[in-house]
Amino acid sequence: MSALRSWVEAARPRTLPLAVTCVLLGGALAKAKGLNTAQDARFVAVMLGAGVTVVLLQILANFANDLGDFQKGTDTAADRTDRALASGALTETAMKRAVKWTATLAFLCGLATLAAAFWNAPSAALKALLLGGLGVFSIVAAMRYTMGLKSYGYKGLGDVYVMLFFGPVGVLGVGLLLTHGVDMAWLWVALFSGCMSVAVLNLNNLRDHPSDARAGKRTLVVQMGFERAKLYHLAILGVGWSALALFFTTNQAEGLWRGTMWYALLALLHARHAVDVWRCTDPSTLDPELKRIALSTFLVALFMFMDQTLGE
């Protein structure tokens, strides 16, 4: 395998659409809320900056996860030929260097996005400082999921962090960048985004729970057990879609959100997925489900974004 292909696989491209989901949702909500002339002129720059930043953060998390699981012995050549370090495709030294440089690039891109959003804006210092602090926290969180002695992923806290950063921080943060304010109704959409991201993480943990248990990685699935974790998965999906439905039914003034039939079809796709997960007895068969949920959630965000930017 070539070095370039090894790095691409280590970045796990299939996880990147889900990372962009919160940016698209934040952009859609900001457009629906209304932007002044100055904010509208910066819209593309801020969206691009936020999108690149979250993609870099996701790649950072993927690199750090590969490194952390390898260092702790969770990933071995016998059972994780898809991991760059466990398979021997990349060296530990090279991955440490990649983590460092990806974190640096994410930090610099985040600063540039803050500048694009708040430059010469009135009363922007405190908001920029708040978002800057959250950005630094995001970088640290991306690295500490499995890296270090106090990695939170090994203590069953991954779901909490994913809900936080792919939900309120991601969606409301982008909305704040674009409008310099936050609408509390956005929390319903943030909850949907966070729940779908947790669902993808839970699928990953359902698939890997036998090896995680052997390695002492106490994810929620390991702590709850496979059968209860499937119930937890169904609950996550139900809460997420209920939140999005509530948002649509309470924010339909003047046909603000169109194409809800497509969202209903995607909800049915998730319902079918829920049945498949409930019936699953072999964790290894869940791998294709990660892509199904990640891409369909991305489509919801893309439809909402296109609704507000192309339907003007």
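Let me sum up the structure you'll find in this document. (Residues numbered from 1 in each chain as written. Predicted model: local features only at pLDDT ≥ 70, side-chain atom pairs only at ≥ 80, totals over all residues. Heavy atoms only, no water.)

## Looking at the overall build of the protein
For the protein, the helix and strand inventory stands at 12 helices and 0 strands. Taken from N to C terminus, the helices and strands of the protein fall in the order α-α-α-α-α-α-α-α-α-α-α-α. Taking 312 residues into account, the globule formula puts the C-alpha radius of gyration at 20 Å, and the protein, at 19 Å, falls close to it. With respect to the three principal axes, the spread of C-alpha positions in the protein is 55 × 40 × 35 Å. Within the protein, the fraction of its 312 residues that count as buried is 51%. If you take every contact in the protein between residues at least 6 apart in sequence, the share linking residues at least 24 apart comes to 77%. Between the centroid of the 27 positive side chains of the protein and the centroid of its 20 negative side chains there is a distance of 5 Å. (Helix = DSSP H or I, 4+ residues; strand = E, 2+ residues; numbered from the N terminus. Rg over C-alpha atoms; globule rule 2.2 N^0.38 Å. Buried < 20%, exposed > 50% of the residue type's maximum accessible area, 1.4 Å probe, protein only. Contact = heavy atoms within 4.5 Å. Lys, Arg positive; Asp, Glu negative; His and termini not counted. Charge placed at Lys NZ, Arg CZ, Asp CG, Glu CD.)

## With respect to unusual backbone geometry
Positive phi is not limited to glycine here, since Arg12 has a value of about 50 degrees. For Arg12, the position within the fold is in the loop between α1 (3-11) and α2 (16-33). With phi around 65 degrees, His180 is a residue other than glycine that occupies positive phi space. Structurally, His180 is set in the loop between α7 (158-179) and α8 (186-215).

## Structural notes on the pattern of salt bridges
Tallied over the full model, the rule gives 11 salt bridges. Across the salt bridge formed by Asp40 and Lys31, the nearest N and O atoms sit 2.8 Å from each other. The exposure class of Asp40 is partly exposed, given its relative accessible area of 38%. Its relative accessible area of 16% is what places Lys31 among the buried residues. Put simply, Arg207 and Asp208 hold a salt bridge, and the shortest N to O gap is 2.8 Å. Looking at Arg207, the relative accessible area reads 14%, which means it is buried. In this structure, a network of salt bridges that share partners links the residues Arg14, Arg207, Asp208 and Asp287. (Salt bridge = Lys/Arg side-chain N within 4 Å of Asp/Glu carboxyl O.)

## Let's talk about the packing of aromatic side chains
The description of an aromatic ring pair uses the distance of the two centres, along with the angle that the planes make with each other. Under the counting rule described, the total for this entry stands at 12 aromatic pairs. Judged by centre distance (6.3 Å) and plane angle (25 degrees), the ring pair of Tyr161 and Phe165 falls under stacked. In this pair, Tyr161 and Phe165 both sit in helix α7, 4 residues apart, roughly one turn of the helix. Sitting above the plane of the Phe43 ring, Lys31 keeps its charged end 4.7 Å from the centroid. Taking NZ or CZ as reference, Lys217 lies 5.4 Å from the ring centre of Tyr154, over its face. (Phe/Tyr/Trp six-rings, centres within 6.5 Å; stacked < 30°, edge-to-face > 60°. Lys NZ or Arg CZ within 6 Å of the ring centre and 35° of its normal.)

## Description of α1
By the burial criterion, the buried members of α1 are Ser6, Ala10 and Ala11. Around the axis of α1, the buried residues are gathered within 135 degrees of arc, so they sit on the same side. Summarising the contacts, the buried residues of α1 are in contact with α2, α4 (43-71) and α5 (92-118). (Arc of directions from axis to C-beta.)

## Structural notes on a nonpolar patch on the surface
On the surface, Phe107, Leu108, Leu111, Val136, Phe137, Val140 and Leu164 cluster together into a nonpolar patch covering about 570 Å² of accessible area. Of all the elements in the fold, those that place two or more residues in the nonpolar patch are α5 and α6 (125-144). By the secondary structure assignment, Phe137 is in helix α6. On the basis of relative accessibility, which here comes to 37%, the residue Phe137 falls in the partly exposed class. (Patch = residues over 30% accessible without salt bridge, like charges linked within 9 Å, V, L, I, M, F, W, Y side chains within 5 Å. Areas by Shrake-Rupley, 256 points an atom, 1.4 Å probe, with all protein chains shown as cover.)

## Points about the state of the cysteines
Evaluated as defined, the whole model comprises 0 disulfides. Of all cysteine sulfurs in the structure, the one in Cys109 sits closest to Cys22, which takes part in no disulfide; the separation is 13 Å. (Disulfide = S-S within 2.5 Å.)

## A few points about the side chain of Ser296
Structurally, Ser296 can be placed in helix α12 (residues 287-309). Judged by its relative accessible area of 3%, Ser296 is buried. From its side chain, Ser296 meets the backbone oxygen of Ile293 in a polar contact 3.2 Å long. The contacts of Ser296, once residues within four sequence positions are left out, are Leu266, Leu269 and His270. (Polar contact = N/O pair within 3.5 Å; in protein donor to acceptor, adjacent residues only side chain to side chain.)

## A word on the packing of α2 against α8
Look at α2 against α8: their axes get within 10 Å of each other, and the N-to-C directions meet at 170 degrees. In terms of orientation, α2 and α8 fall into the roughly antiparallel class. Across from Leu18, Thr21, Cys22, Leu25, Leu29, Ala30 and Lys33 in α2, the residues of α8 making contact are Trp186, Val189, Ser193, Ser197 and Val200. (Axes fitted to C-alpha atoms, helices over the stretch in contact; angles between N-to-C directions. Parallel < 35°, antiparallel > 145°, perpendicular 65-115°, else oblique.)

## Observations concerning the packing of α1 against α4
Look at α1 against α4: their axes get within 8 Å of each other, and the N-to-C directions meet at 100 degrees. It follows that α1 is roughly perpendicular to α4 by the angle criterion. Mapping the contact onto sequence places Trp7, Ala10 and Ala11 in α1 and Ile59, Asn62 and Phe63 in α4. Of the residues contributing to the contact of α1 with α4, the split by class is 5 nonpolar, 1 polar and no charged. (Nonpolar A, V, L, I, M, F, W, Y, C, P; charged D, E, K, R; others polar.)

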